[in-house]
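Observations on chain architecture
Next come the chains, spelled out residue by residue.
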Amino acid sequence: MDRVSAFDEPLRKLLGGATAKVMAEHLDLHTVGDLLHHYPRRYEERGQLTTLGDLPLDEHVTVVAQVADARIMVFNNGRGKRLEVTLTDGSGRLQLVFFGHGVHKPHKELLPGRRAMFAGKVSVFNRKMQLAHPTYQLLDATDADETTEAVDAFAGRLLPIYPACKQLDSWRIAKAVDTVLPSARDAVDPLPPSLREGRGFTSLPEALLKIHRPQTKADIADARDRLKWDEAFVLQVALARRRFADTQLPAVARVPAHGGLLDAFDAKLPFTLTEGQEKVSKEIFDDLATEHPMHRLLQGEVGSGKTLVALRAMLAVVDAGGQAAMLAPTEVLAQQHHRSITEMMGELAEGGMLGGSDLGTKVVLLTGSMGMAARRQALLDLVTGEAGIVIGTHALIEDKVQFHDLGLVVVDEQHRFGVEQRDALRSKGKQPPHLLVMTATPIPRTVAMTVFGDLETSVLDQLPAGRSPIASHVVPAKDKPHFLTRAWERVREEVESGHQAYVVCPRIGDDADDETEKKNKKKATEEDGEKRPPLAVLEIADQLTKGPLAGLRIAVLHGRMNPDDKDDVMRRFAAGQVDVLVATTVIEVGVNVPNATGMVIMDADRFGVSQLHQLRGRVGRGSAAGLCLLVSEAPEASPARARLSAVAATLDGFELSRIDLEQRREGDVLGQAQSGVRSSLRVLTVIDDEEVIAAAREEAVAVVTADPELTHLPELRTALDALLDKEREEYLDKG
């Protein structure tokens, strides 16, 4: 069997159909390679019993303990039988319970004094911790040969505890690993020998043996260090190759004309740029002046003035004879950007129009829901070059859209755009246009190096003068209902003092929404016992209109409204004709109404940390202080409440993004949920392994610079193909 195919061997050939089926369906393990990369999550020290006094509730656990006593209880007039077994390990006691026909085998085997491994989900009954119907494996067999075998298998070893599932216990996975472990010798080592030796790493086959069957704790550390490096390095090589390929592309250098549109715009700005904006603008202008396409990520704190920086870049390109396109994820946001950019530019946005500036250009909007006449005119303005700037949604990417000379693409909120869209827009330039990606969600450095590893990064972490502080508080609606009453009073006070407020809900509450909710409700109840659906915009708006906010001008905004209606609501809110806007997260980014000072987020625990920070950034945008109230029914000691308290405690988005990452323990930035492909990171955690990622990036750049095609490193190329199949490699581009 050759070196590659040993890892590609289907598990069913070695383990049998039933086990392989469970592994495929519940653990997403299909091949020998998959199983060898399914690493233990921790290790039991042989002879040292698990602490029964410290068991986590509602989790699947594996314990090694001794039977203290076992007794059959009879109930239902003798019709029902229950076996109760008490375990002990010197630190605590745990009860096992077996019912019905399941009592016979354990009753014979689990005799006082016997030691065994038990696995099951910890629950509480009559205020005692218990495992109901656990699976178990005896460790002290009575037969002498078996005893020797059991001792050989376990004595003096660190016992691996694998990520398991209800259908397959950790030790069954361990037995399966034993079957495939000889194939570890065939592992293709992706690290160049000089790098491996230079950093003193163990070989890959040895690392796999050590992580699955360590003799000592030092073995585990060695193996983890090596496997972390593989993951970080192969990922960084993929990104370095993409960056290298981008530098080989030609682009038109765009240098702003002296005394042109950009200078005219700067001259009419009513404020001076912050130091941060100046610094980031210089980085962008330097990139634009080169003959290779810029690929830059502009990340900034909520309200740090990213749009202004992006607009100045667009004006510089127009100055240099090119066109700039800004791509927004939603129509509401595209319209909002169009409105704020034309307002900022004034007569400079009316090039060729009566009363427009001679230096000006046309700024057009292009969205899917525009009327035919307006759309035709916008398309004409783009193909003739009349319009220097276009702002739009995915509609910009359609085949029909032709540019005169596309020089710069600005993508707002990168995480909502896939690589396909980015490439489609890129292909509309005579040569690849420069690319600026903006994200309002601050990203920890390690994530930026991995998820956005093909982009150079600029950070805006300074807020412009005139931004007001935002006070944030958690409102425990269930424990203290009077707090919620007070929250609505605060909203009324804000409105009475001439301001406006947002109320945000997780759900719309219309027919389509309710259908989805019905489907989700059963699943949610099964998964976490959730009883009620998330609060909905339409219901809350109705309750507020009839109840605590009666008499105020209330409007609703959500994604399934007709685009003209959405735009009308936003216009009226911006013009101060609406007091309270009850909305979904469509207001999350880009919405800029300086007079809005209050925000109440209903069911706040249903939103992620970064999303809450984004939403909160909609208030406090003017001279008056902002107020954000996070309403939740989550219990005080729950992780959900801890998350909300963290958001209430700091306005630092970078700090929050770190907390978010730590709480989710996002060991895999190519996460299954987002990418739809199996996770490729197993031991590397982006939050803890910053140094590994940074060092791997340096090494990867050196390797790719010396040998872009990896001609002399076939093993690395093989690993790259295996780890980054086409779909996953594209995911790297999606962020």
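Now for a description of the structure that goes with this document. (Residues numbered from 1 in each chain as written. Predicted model: local features only at pLDDT ≥ 70, side-chain atom pairs only at ≥ 80, totals over all residues. Heavy atoms only, no water.)

Of regular secondary structure, the protein chain possesses 28 helices and 21 strands. Looking at the 735 residues of the protein chain, the share that counts as buried comes to 53%. Only carbon and sulfur atoms are counted for the fraction: they give 51% of the accessible area of the protein chain, which is about 32,600 Å². (Helix = DSSP H or I, 4+ residues; strand = E, 2+ residues; numbered from the N terminus. Buried < 20%, exposed > 50% of the residue type's maximum accessible area, 1.4 Å probe, protein only. Areas by Shrake-Rupley, 256 points an atom, 1.4 Å probe, with all protein chains shown as cover.)

Over its 12 residues, helix 21 (residues 563-574) extends 16 Å from the first C-alpha to the last, a length consistent with the 16 Å expected when each residue adds 1.5 Å. By the burial criterion, the buried members of helix 21 are K566, D567, V569, M570 and F573. For helix 21, the angular spread of buried residues about the axis comes to 160 degrees, placing them on one side. Among the structural elements, helix 14 (331-345), strand 17 (500-504), strand 18 (554-557), strand 19 (580-583) and strand 20 (596-601) are those in contact with the buried residues of helix 21. One side-chain oxygen of the residue at the start of helix 21 lies 2.7 Å from the amide nitrogen of D564, identifying that residue as N562. Positioned one or two residues after helix 21, G576 has a phi angle of 80 degrees, which is positive. (Expected span 1.5 Å × (residues − 1). Arc of directions from axis to C-beta. Contact = heavy atoms within 4.5 Å. Polar contact = N/O pair within 3.5 Å; in protein donor to acceptor, adjacent residues only side chain to side chain.)

Applying the stated rule across the entire model yields two cavities of 30 Å³ or more. In this structure, the largest cavity occupies an estimated 50 Å³ of space. (1 Å grid on protein atoms, 1.4 Å probe; cavity = no way out; pocket = protein on both sides within 12 Å on 5 of 7 lines; lining within 4 Å. Points joined across faces, edges and corners; volume = space filled by probe spheres on them.)

In this model, D28 sits at a positive phi of 60 degrees, which is unusual for a non-glycine residue. Here D28 lies in the loop between helix 3 (17-27) and helix 4 (32-36). For D28, a relative accessible area of 23% puts it in the partly exposed group. At R127, a residue that is not glycine, the phi angle is positive and equals roughly 60 degrees. Within the secondary structure, R127 sits in the loop between strand 5 (115-125) and strand 6 (128-132).

Turning our eyes to something else, we now look at the sheet that holds strand 21 (residues 626-632). Spatially, 16-21-20-17-19-18 is the arrangement adopted by the six strands of the open sheet, whose pairing is parallel. Every other strand in the sheet has two partners, leaving strand 16 (470-476) and strand 18 as the edge strands with one partner each. On average, adjacent strands in this sheet sit at an angle of 20 degrees to one another, irrespective of strand direction. Judged from the four bridges that link them, strand 17 and strand 19 form a sheet pairing that is parallel. Directly across from V504, in strand 19, lies its bridge partner A583. Against the sheet, helix 18 (residues 481-496) makes contact with strand 16, strand 17, strand 19, strand 20 and strand 21, and its axis sits at roughly 150 degrees relative to strand 16, the strand it touches most. (Pairing = 2+ DSSP bridges. Axes fitted to C-alpha atoms, helices over the stretch in contact; angles between N-to-C directions.)

Looking now at the sheet that holds strand 10 (residues 323-327). The strand order across the open sheet formed by seven strands is 11-12-10-13-14-9-15, and the pairing between neighbours is parallel. Edge positions in the open sheet fall to strand 11 (362-366) and strand 15 (456-460), since each of these has one partner strand only. Averaged over all neighbouring strand pairs, the angle between strand axes comes to 20 degrees, with direction disregarded. Relative to strand 12 (residues 387-392), strand 11 is paired through five bridges, and the arrangement is parallel. Its bridge partner lying in strand 12, V363 is registered against I389. Here helix 14 sits on the sheet in contact with strand 10, strand 11, strand 12 and strand 13 (406-412), set at roughly 170 degrees to strand 11. The strands touched by helix 15 (residues 372-384) are strand 10, strand 11 and strand 12; relative to strand 11, the strand with the most contacts, the crossing angle is about 130 degrees.

The subject of this paragraph is the pairing of strand 9 (residues 295-300). Strand 9 sits mainly inside the fold: six of its six residues count as buried. On strand 9, burial covers both faces: H295, L297 and Q299 on one face and R296, L298 and G300 on the other are all buried. Strand direction decides the pairing type here: strand 9 and strand 14 (residues 434-439), joined by five bridges, are parallel. Bridge pairing links L298 to M438 in strand 14. Direction of pairing for strand 9 relative to strand 15: parallel, over a ladder of five bridges. Its bridge partner being in strand 15, L298 is matched across the sheet by S458.

The sheet contact formed by strand 3 (residues 80-88) and strand 4 (residues 93-99) spans seven bridges and is antiparallel. Residue pairing for strand 4: T88 is matched across the bridge by R93. Counting the residues that bridge the hairpin from strand 3 to strand 4 gives four residues, and of these G90 lies at a positive phi of roughly 90 degrees.

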